[in-house]
Amino acid sequence: TYRYIQLEIETAGQALRIHDMHGIFTGYPFVENGSFSSSEESLSDIWTIGWRTARLNAFETYWDCPYYEQLQYVGDTRVQALISLYVSGDDRLMRKAIRHYDESRSPDGITMSRYPSRHPQYIPPYALLWIPMVHDYWMHRDDPDFVAEFLPGIRSVIGWYERYIDEEKGVLGPMPWWNYVDAAKGFTRGTPAGADDGNSIVISMQMLYALKLATELAEAFDAESDASHYRRLKDDLRAAIRRQSWNAQRKLFADTPDQTIYSQHANILAILADALPQDQQADLMRRVLEDDSLIQSTYYFKFYLFRALWKAELADRYLDLLDP
């Protein structure tokens, strides 16, 4: 992952002649078929740096980083796969990753957070992000046979989550494993409030988001039994989230039913999952951007912030948010 080699040589009695020095680049053979240009020079620099980073993180699988772990995590891979489609048009690593995660499934129905890996690790919210990844592929490729392979796996992930819904409150109760969402200041090891001890609205929102996309897939493939089940789950979960976490005074969704902690994350996901009507989403998005008291999303989760920005029809604010 180096870019430069520095040699520091101190000769003694004899001179030294260097005949050759070189490095070898290895990686997946992505080709930059898409292009971007702008009169704003810094944006061209961002494009160049971003594409270099994307290439360094693709080998026989996608990697979260080329130097340290070299593991294919769902959260990273969803974003990397979309970059591959838009800049290169090559979908082979994306197809491979979708199938890898499906093959990583545990006997109780959840997919691993990263795969292939000799150390099993489970981040349940990443299993929810595998569903949008399948949906991404469906939206960008006319390949119904491939997508249909994963409908049973989607059913399995949703069934796993369904078992953890708190019957009294209607949102998710205590969740097992490591419930990482974002390495945000205010989350413990990336885990939002309520994930371990019960009633995390952030993760409940993420389930709602996955259900929305799973419903679209089930309807498109005439899996009416699944579609009707997902619609019922979605409606019940949306109503429970609203009942437990919407603060009418602040006009924000809280991270837990006691409404003492608030994050950008819960409200970003509320927009993406249509937890409130479309005509109210722009106002909520403005509060997400302007309320500094909210737990702030990091670089990784800004992918979802920007998606919500577009959905709320405020994409003209995108460039203002690139400063970090």
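Draft legend 1. Expanded view of the overall build of the protein. From N to C terminus, the protein includes 11 helices and 2 strands. Element order for the protein, N to C, with α for helix and β for strand: α-α-α-α-α-α-α-α-β-β-α-α-α. Over its C-alpha trace the protein gives a radius of gyration of 22 Å, about what one expects of a compact globule, namely 20 Å for 324 residues. Counting only C-alpha atoms and orienting by the principal axes, one finds that the protein spans roughly 85 × 45 × 40 Å. Split into buried and exposed, the 324 residues of the protein put 50% on the buried side.

Draft legend 2. Representation of the side chain of S113 within the structure. Position of S113 among the secondary structure elements: in the loop between α3 (92–103) and α4 (124–140). The exposure class of S113 is buried, given its relative accessible area of 0%. Of note is the side chain of S113, whose polar atom sits 2.4 Å from the side chain of Q121. Excluding residues that lie within four positions of it along the chain, S113 makes contacts with Q72, Y73, V74, Y101, Q121, Y122, I123 and Y126.

Draft legend 3. Spatial organisation of α4. Between its first and last C-alpha, α4 extends 26 Å over 17 residues, near the 24 Å set by a 1.5 Å rise per residue. Taken across its 17 residues, α4 has 14 buried, putting it largely inside the fold.

Draft legend 4. Region of interest: the nonpolar core. Formed by 99 residues in total, the largest nonpolar core has its most connected members in I98, W130, I154, Y161, F253, M285 and Y304. Residue contributions to this core peak at 13 residues, all from helix α7 (residues 201–220). Excluding residues within four positions of it along the chain, M285 makes contact with I271, L305, A308, L309, A312 and L314.

Criteria and thresholds
Every residue gets a number counted from 1 within its own chain, in the order that chain's sequence is written. At least 70 in pLDDT is required for a residue's local features to be given in this predicted model, at least 80 for side-chain atom pairs to be given and counted, and no such filter applies to totals for whole chains, interfaces and linings, which use all residues. The basis for every side-chain value is the complete set of non-hydrogen atoms in the structure, without hydrogens or water. Helix and strand definitions follow DSSP, with helices as H or I runs of at least four residues and strands as E runs of at least two, each counted in order from the N terminus. The globule rule used for comparison is 2.2 Å times the number of residues to the exponent 0.38, while the radius of gyration itself is calculated over C-alpha atoms. Relative accessible area decides the class of each residue, using a 1.4 Å probe on protein chains only: under 20% of the type maximum gives buried, over 50% gives exposed, and in between gives partly exposed. We define a polar contact as two N or O atoms separated by no more than 3.5 Å, with the added condition that, inside protein, one atom must be a possible hydrogen donor and the other a possible acceptor, whereas residues neighbouring each other in sequence contribute only through side-chain atom pairs. Residue contacts follow a heavy-atom distance rule, with two residues in contact if any of their heavy atoms lie within 4.5 Å. Helix span, as expected, comes to 1.5 Å for every residue beyond the first. Throughout this description, the term nonpolar core refers to a set of buried Ala, Val, Leu, Ile, Met, Phe, Trp, Tyr and Cys residues connected via side-chain atoms within 4.5 Å.

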